[in-house]
Amino acid sequence: MTGRVVALVANPTRAVYAALIATLAIGWALVAFDGGTFTLNDLVGIQQRSAALGIVAIGQTLAILAGSLDLSVAYLISLVSLVAAETMAGQSSNILTAVVVALGVSALVGLVNGVVITKLKVHAFIATLGVALVIRGVLDHLYDGPAGRVPVEFQQLGYSRVGPVPVAAILWAAVAVGVWFLLRRTRFGNRVYAVGGDVEVARLSGVRTDRVVIAAHVLCSLCAGVAGLLLASRLGAGAPTVGTDGGYDLESIAAVVLGGTALAGGRGGVAGTVGGVLLLAVLDSVFNQLEVNSFFKDVVRGVVIVVAVAVYARRTGRRAS
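So, how was this worked out
Residues numbered from 1 in each chain as written. Predicted model: local features only at pLDDT ≥ 70, side-chain atom pairs only at ≥ 80, totals over all residues. Heavy atoms only, no water. Helix = DSSP H or I, 4+ residues; strand = E, 2+ residues; numbered from the N terminus. Expected span 1.5 Å × (residues − 1). Buried < 20%, exposed > 50% of the residue type's maximum accessible area, 1.4 Å probe, protein only. Core = buried A, V, L, I, M, F, W, Y, C linked by side-chain atoms within 4.5 Å. Contact = heavy atoms within 4.5 Å. UniProt positions renumbered as here; feature names shortened; annotations may be inferred. Axes fitted to C-alpha atoms, helices over the stretch in contact; angles between N-to-C directions. Left-handed = near helix turned anticlockwise from the far one by under 90°. Nonpolar A, V, L, I, M, F, W, Y, C, P; charged D, E, K, R; others polar.

With that settled, consider helix α14 (residues 270-289). Between its terminal C-alpha atoms α14 stretches 29 Å, which fits the 28 Å expected from 20 residues at 1.5 Å a residue. Of all 20 residues making up α14, 16 are buried, and the element is well covered by its neighbours. Phi for E291, located one or two positions after α14, is positive at around 55°.

Now for the nonpolar core. By size, the foremost hydrophobic cluster in this structure holds 87 residues, and its most contacted members are I55, I58, I77, I135 and L183. Every residue in contact with I77, bar those within four places of it in the chain, is listed here: V56, A224, A227, G228, L231, V242, G243 and Y248.

Using the residue numbers shown here, the UniProt feature "transmembrane region" (unreviewed entry) corresponds to residues 15-40, 52-75, 95-117, 124-143, 163-183, 212-233 and 253-283. In this annotation, residues 163-183 is assigned 81% helix and 10% strand; the end-to-end C-alpha distance for the span is 30 Å. Between the end C-alpha atoms of residues 212-233 there is a gap of 32 Å, over a span that is 100% helix and 0% strand.

Axis separation between helix α5 (residues 95-118) and helix α11 (residues 209-235) bottoms out at 7 Å; the angle between their running directions is 145°. Between α5 and α11 lies a crossing of right-handed hand. Grouping the amino acids of the contact of α5 with α11 by side-chain chemistry returns 14 nonpolar, eight polar and one charged.

Structural data, given as structure tokens:
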């Protein structure tokens, strides 16, 4: 029994999925004891709620694996939702143009983040926080509330299902599989791990480290852009606070760390991040079923994240010694 526990701790991905199964079991028991029950609609709701966060967290995984992070994603999501909704202007003929423009804006923000970090040598925390504040200033100056209109055809992205599976969940799965393949089966993925593991060793090995970090940030911002498009499809319009209200900056980092990816970079992956997102979504669903107040929800989630990081850090320390 002790050996199994040690094996789980040694593998963060297995640990987060074990925690997910345990949370589902305990949550089901608590909800049943309270007189409720988990239904298919609850499971669909978990998938829908976790899709946007999941997509952002996949992008955040790329940035963190490269030894960086991105605090601008929440404001970028809000900006993208507004750009897309205003470009669509309720016309289905404008959907493709709006998607291209929105993703172009996302890529530009990611490029700025990457260049500021690599060329100006500004720490990722400060660089992306600064970009986030710039975007917030633009949003505060230009928008007082929701703007633009998303056509009904595009709203299907946020609400349609293929059988019991939401299209949003399929989109999240596609992004996750794509990034997993990129990290595990391409030269770029190997370079991301190398740069995150030790940037100096990677540079001496001939890796163009600046390009890797910039590319990771562009991809991270593109994932945030996709999440912004998804949220715009649900709202039917753009909103200047949709990203910050969802807390997608810190929530995405929490999901990545909960999934076993090291904040220092170089260790982790997409599979653990998916488990971390699902664990947070299941906790939210259980708390909502039990009508737990938001203060207690935040406390429990904070404790879960701190304990997980502490366990992973202890594992890493033992290996180093």
